[in-house]
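Per-entry structural report
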Amino acid sequence: AKWYTKAPDTVNKKIDHRFSADYNNLLSYFKIMPDGTIVIAGPNGEEIRMVGGSIELSCPGDIQLRPGRNVISLAGRSTCIRSREDIDICSSNADVRVKAEKNMFILGGNGSTGGEVIIENKSHADKGIVLRSGTDVNVVAETDIYIRSGSAGEARHIVLDAGGADAGGDICFSGQRVSSFVSQGRFDFFGTNGSVTNSNAFTKIGRAHV
């Protein structure tokens, strides 16, 4: 439960006939091994090892990097960052960018309990969250799917657009029931590219065809 052990008691040593001093029974050293390996060790288990073409930093406590400007890591092959607890990546004043030349995987709740994946944007810009794909976008849930606009209390819209070509594509609903709760009515417009030839209106008064 601790990253340290209790420091040994100090020992008083006589320096000469005039002075004595307290010493701690701790060992720090700098070693050059017969094969050229260099080891720098601190008194509480901290080590820097230069061995076999690699540099190892190890300690029972923390490793802290505190530059005044940038931290730059360039790997010739892979970079592996793994934590037993939390990982926090934060930019206080600018952007965070993550790029993958091939696949990208984001997984939450790997232990099947207590996991959420939250994507949130607090900005009030015109484009809040954009999902863009060169092929399909699939949404699959083991339980319900809920989509809502206007959560701030103002009336906002939900638009499903299967356009692209002149005639557009299809929008299909499949289920036991399709229920619509409307305060004014439902309107079907027949036409393309904003040119409407006929329409059906379903209101609480009745159905009309124009």
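Here's a quick rundown of the structure. (Residues numbered from 1 in each chain as written. Predicted model: local features only at pLDDT ≥ 70, side-chain atom pairs only at ≥ 80, totals over all residues. Heavy atoms only, no water.)

**Thoughts on the sheet that holds strand E4 (residues 38-41)**
In space, the four strands of this open sheet follow the order E3-E4-E5-E6, with antiparallel pairing throughout. Two strands lie at the open edges of the sheet, namely strand E3 (29-32) and strand E6 (54-58), each paired on one side alone. Within the sheet, the average angular offset between the axes of one strand and its neighbour, ignoring direction, is 10°. Sheet analysis places E4 next to strand E5 (residues 47-51), joined by four bridges and oriented antiparallel. Counterpart to Ala 41 in the pairing with E5 is Glu 47. (Pairing = 2+ DSSP bridges. Helix = DSSP H or I, 4+ residues; strand = E, 2+ residues; numbered from the N terminus. Axes fitted to C-alpha atoms, helices over the stretch in contact; angles between N-to-C directions.)

**Concerning the environment of Arg 186**
Position of Arg 186 relative to the elements: it lies in strand E7 (residues 185-192). Residue Arg 186 is classed as partly exposed on the basis of its relative accessible area of 40%. Sequence spacing of Arg 186 and Phe 202 is 16 residues, and the spatial spacing of their C-alpha atoms is 5.1 Å. For Arg 186, the contacting residues outside a window of four places in its chain are Ser 180, Asn 200, Ala 201 and Phe 202. (Buried < 20%, exposed > 50% of the residue type's maximum accessible area, 1.4 Å probe, protein only. Contact = heavy atoms within 4.5 Å.)

**Focus: a nonpolar patch on the surface**
A surface patch of nonpolar side chains, amounting to about 1,300 Å² of accessible area, comprises Ile 81, Ile 87, Ile 89, Val 96, Val 98, Met 104, Ile 106, Val 117, Ile 119, Ile 129 and Leu 131. Here Val 98 is to be found in the loop between E6 and E7. A relative accessible area of 66% places Val 98 in the exposed class. (Patch = residues over 30% accessible without salt bridge, like charges linked within 9 Å, V, L, I, M, F, W, Y side chains within 5 Å. Areas by Shrake-Rupley, 256 points an atom, 1.4 Å probe, with all protein chains shown as cover. Salt bridge = Lys/Arg side-chain N within 4 Å of Asp/Glu carboxyl O.)

**Quick notes on the packing of aromatic side chains**
When we look at a pair of aromatic rings, we describe it by the centre distance and by the angle of the planes. Evaluation of the coordinates by the stated rule reveals one aromatic pair. Both rings, one in Phe 187 and one in Phe 189, keep their centres 6.4 Å apart while their planes meet at 20°; by these two values the pair is stacked. Look at Phe 189 and you get exposed, because its relative accessible area is 57%. Sitting above the plane of the Tyr 29 ring, Lys 31 keeps its charged end 4.8 Å from the centroid. Residue placement shows Arg 186 over the ring face of Phe 202; its charged tip is 4.8 Å from the ring centre. (Phe/Tyr/Trp six-rings, centres within 6.5 Å; stacked < 30°, edge-to-face > 60°. Lys NZ or Arg CZ within 6 Å of the ring centre and 35° of its normal.)

Keep in mind these numbers describe shape, not what the thing actually does.
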